[in-house]
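Listed below, chain by chain, are the residues.
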Amino acid sequence: MWILPVRGKAMVWAITACCCQGFLLLGYDQGEFLNSSVMSGIIGAENQFGHDFGNPDATTQGLIVAIYDIGCAVGSLIVFFWGERIGRKRMIMMGAATMIIGTAILTSSTTRAQLYVGRIVTGIGNGFNSSSIPVYQSETCGGAIRGALVCLNSTITIVGLVIAYWLDYGLSFVSGPVQWRLPIGFQAVFALCLFIQVAMLPDSPRWLLAHGYEEEASKVIALLEDHDTVDHPDVIQARKEIEMSLAQESEGGPFRYRELLHGGPIGNFRRICLCIAVNVMQQFTGSNMINYLAPVVYQNTMGLSRNLSLILGGCTSITYMFASFIPLWTVDRFGRRPLLMISATGLSTCFILASILLSIGTRPAAFAATAMVFIFQIFLGIGFLPIPWLYPAEISTTRIRARGSAISSFFNWMCVFAVVQMTPPAIANIDWRVFIIFAVFNACWVPIVYFFFPETRGLELEEIDHIFEKGGITGGVWGSKGGRTTAHMHYPPVVPIEPKSDDDLKAEEEKLEIS
């Protein structure tokens, strides 16, 4: 297959652009049917969508929104079982193609049954992408910039969310089927671009070496390292490090699923637990309540008008988008752990202050609580937005990376489903007191990160294989300065052997004959 004729930084940025395209699609598609974006205008009022689908009640609206998350979870499970065999690149291509099919089903929907099928199919494709793209990105870039590049993917997710929100808000003033068919169909543009982009890129060199494609892997490493030949010492060195890591991971023979429960120096079970934990923690920060249900919170909990609530919901998303740029400069400078702990502390504080202000019950206090929601977005953007997408892909070894990312993605989507389903009735029954619940959750995340999450900043993926060798209940995190349980490893340099001339070979033969 034809590969884009670029190398070095240009190839890394081409891969990053492809991964960002996938997350732009994820953000747009996720926002498309959630109450804070397209569906806040499509479902939430007497409009064209309501007329075309029999004015769905609140239960049906919730099903239309939530069934997508089930599709995403199913897609993640498919990657868990077959993604390693298929490969990173082909899995993303399948995800893009599946989402194009799902979009066609959705845009042409005339019945609720067709709408449900389209939502599930689109969700499955997104599950493929959300499980595979972080792995592909992390395996094709160096440790010094890995954090920033994967965080850029998260930033682009919020750009997609903002596009979906304001496109729907603008089209809510338009009459006719275009009001809902255009924003739903528009995501096919992103999916098509993703398919074309990834088709022109190489697969992960780590996956290629793990599956016996040594020659192709060497060529990809040469492209990423910006060298003309696969015999360059840097290429040989990089391949040697990956092969040594794979050899250590494969000592027990072919992969078996029970390996995911193994402890020992590699600590697969600990790695899987961290993959799952960071995603569960993300969803129970209250981010979904604020980001996806912001207009509902503004209108029902804070007593603002519907139109003002919708506008403020859009402004909330824009604040979130700008805040998401901050980790691009901080994640590889300060590390993953500090950003997570600062983020959780800030989120908990915002919820506490918002609860106090809303308990007062005055309009000025409600506006002050609204300000807390905007500050909440800043703290969310600097830590618990990007790190849960980055951490599972780098904390897992090459042997279980696809499965670790897939199972974390599965739990992520199931938690999205749970929170989106639980929050509206919780707000209806206990009002602002729901903020207290999320304040307690966020306060709990700080010690959990401090004691159990090792720092991965600047480490190459092969170095992270050794991150739990200290052992113990916390895997060596407690007692290690800054959670840094392993240091950079220094492999002996590979010295290229110069080919001998014919005269030298002839001289050696004469010496052997004499002796």
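Scroll up a little and you will see the structure.
Scoring rules and cut-offs
- Position numbers for residues count from 1 along each chain, tracking the sequence in the order it is written.
- Side-chain atom pairs in this predicted model are given and counted only at pLDDT of 80 or more, local residue features only at pLDDT of at least 70, and totals for whole chains, interfaces and linings cover all residues.
- Remark: hydrogens and water are excluded; side-chain values derive from all non-hydrogen atoms of the structure.
- Counting from the N terminus, the helices are DSSP H or I runs at least four residues long and the strands are E runs at least two residues long.
- Computed by Shrake-Rupley with a 1.4 Å probe, the accessible areas treat only the displayed protein chains as cover when residues are assessed.
- By nonpolar core is meant a set of buried Ala, Val, Leu, Ile, Met, Phe, Trp, Tyr and Cys residues that side-chain atoms within 4.5 Å join together.
- The rule is simple: take the accessible area with a 1.4 Å probe, protein chains only, and divide by the maximum for that residue type; under 20% is buried, over 50% is exposed, in between is partly exposed.
- Every helix has an expected span of 1.5 Å times one less than the residues it contains.
- In the sections that follow, a salt bridge refers to a side-chain nitrogen of Lys or Arg positioned within 4 Å of a carboxyl oxygen of Asp or Glu.
- Contacts: residue pairs with any heavy atoms within 4.5 Å of one another.
- In this scheme, patches are assembled from residues that exceed 30% relative accessible area and form no salt bridge. Like charges are connected within 9 Å, while nonpolar side chains (Val, Leu, Ile, Met, Phe, Trp, Tyr) are connected within 5 Å.
- The axes are straight lines fitted to the C-alpha atoms, using for helices just the contacting stretch, and the angles between their N-to-C directions are given from 0 to 180°.
- Our angle categories are set so that under 35 degrees counts as roughly parallel, over 145 as roughly antiparallel, 65 to 115 as roughly perpendicular, and the remainder as oblique.
- Two N or O atoms count as a polar contact when they lie within 3.5 Å, although within protein this holds only if one can serve as hydrogen donor and the other as acceptor, and sequence-adjacent residues are included solely when both atoms are side-chain atoms.

Student: Requested: an account of the overall build of the protein, with residues and values cited.
Tutor: Scanning the protein for helices and strands turns up 24 helices and zero strands. Element-wise, carbon and sulfur atoms account for 67% of the exposed surface of the protein, whose accessible area totals about 20500 Å².

Student: So what about the nonpolar core? Which residues, and what values?
Tutor: Formed by 61 residues in total, the largest nonpolar core has its most connected members in Ile 15, Leu 201 and Trp 413. No other element matches helix α1 (residues 9-32), which puts 12 residues into this core. Core analysis: the second largest hydrophobic core is formed by 52 residues, Ile 158, Met 281, Leu 358 and Phe 435 among them.

Student: Could you give an account of helix α7 (residues 143-171), naming the residues involved and the relevant values?
Tutor: The end-to-end C-alpha separation of α7 is 43 Å, in line with the 42 Å expected for 29 residues at 1.5 Å each. Most of α7 is tucked away, with 22 of its 29 residues classed as buried.

Student: Explain unusual backbone geometry to me, using residue names and the numbers behind them.
Tutor: We note that Asp 226 has phi near 65 degrees; this positive angle belongs to a residue other than glycine. By the element assignment, Asp 226 lies in the loop between α11 (214-225) and α12 (233-249).

Student: Account for the pattern of salt bridges, with residues named and values stated.
Tutor: Under the definition given, this model contains 12 salt bridges. Close ionic contact of Arg 7 with Asp 228 constitutes a salt bridge, the shortest N to O distance being 2.3 Å. In this pair, Arg 7 sits in the segment before α1 while Asp 228 sits in the loop between α11 and α12, placing the two residues 221 residues apart along the sequence. Taking relative accessible area as the criterion, Arg 7 reaches 37% and is therefore assigned partly exposed. A salt bridge links Glu 84 to Arg 88, with the nearest nitrogen and oxygen atoms 2.8 Å apart. Accessibility expressed as a relative area gives 2% for Arg 88, which makes it buried.

Student: Break down the environment of Gly 475 for me, citing the residues and quoting the values.
Tutor: Take Gly 475: it is sitting in the loop between α23 (461-464) and α24 (502-514). According to the relative accessible area criterion, Gly 475 is buried, its value standing at 0%. Sequence separation between Gly 475 and Phe 451 is 24 residues; the distance between their C-alpha atoms is 9.2 Å. Discounting chain neighbours no more than four positions away, the residues touching Gly 475 are Arg 270, Ile 467, Phe 468, Lys 470 and Thr 485.

Student: Outline the environment of Val 159, supporting the account with residue identities and numerical values.
Tutor: Along the chain, the position of Val 159 falls in helix α7. For the pair Val 159 and Ile 318, spaced 159 residues apart in the sequence, the C-alpha separation amounts to 8.2 Å. Not counting the four nearest positions on each side in its chain, Val 159 is found in contact with Leu 24 and Met 321.

Student: Residue-level account of a nonpolar patch on the surface, with values.
Tutor: A contiguous nonpolar patch, built from Ile 163, Val 174, Val 178, Leu 182, Phe 186 and Val 189 and spanning about 410 Å² of accessible area, is present on the exposed surface. The topology assignment puts Val 174 in the loop between α7 and α8 (178-185). Judged by its relative accessible area of 32%, Val 174 is partly exposed.

Student: Quick rundown of the packing of helix α18 (residues 336-360) against helix α19 (residues 363-382)? Include the residues and the values.
Tutor: A pair of packed helices is captured by two measures, namely the crossing angle of their axes and the spacing between those axes. Between α18 and α19, the shortest axis-to-axis distance is 9 Å and the interhelical angle comes to 170 degrees. Classified by the angle their axes make, α18 and α19 are roughly antiparallel. Between α18 and α19, the residues in contact are Leu 339, Ile 342, Ser 343, Gly 346, Leu 347, Cys 350, Phe 351, Leu 353, Ala 354, Leu 357, Leu 358 and Ile 360 and Ala 365, Ala 366, Ala 368, Ala 369, Met 372, Ile 375, Phe 376, Phe 379, Leu 380 and Ile 382, respectively.

Student: Tell me about the environment of Glu 469, and please be specific about residues and values.
Tutor: If you trace the backbone, Glu 469 turns up in the loop between α23 and α24. Spatially, the C-alpha atoms of Glu 469 and Thr 486 are 8.3 Å apart, while their sequence positions differ by 17 residues. Those residues within four positions of Glu 469 in sequence are excluded, and the remaining contacts are Gln 248 and Pro 265. A distance of 2.6 Å separates polar atoms of two side chains, one belonging to Glu 469 and the other to His 466.

In short, geometric facts, not functional conclusions.
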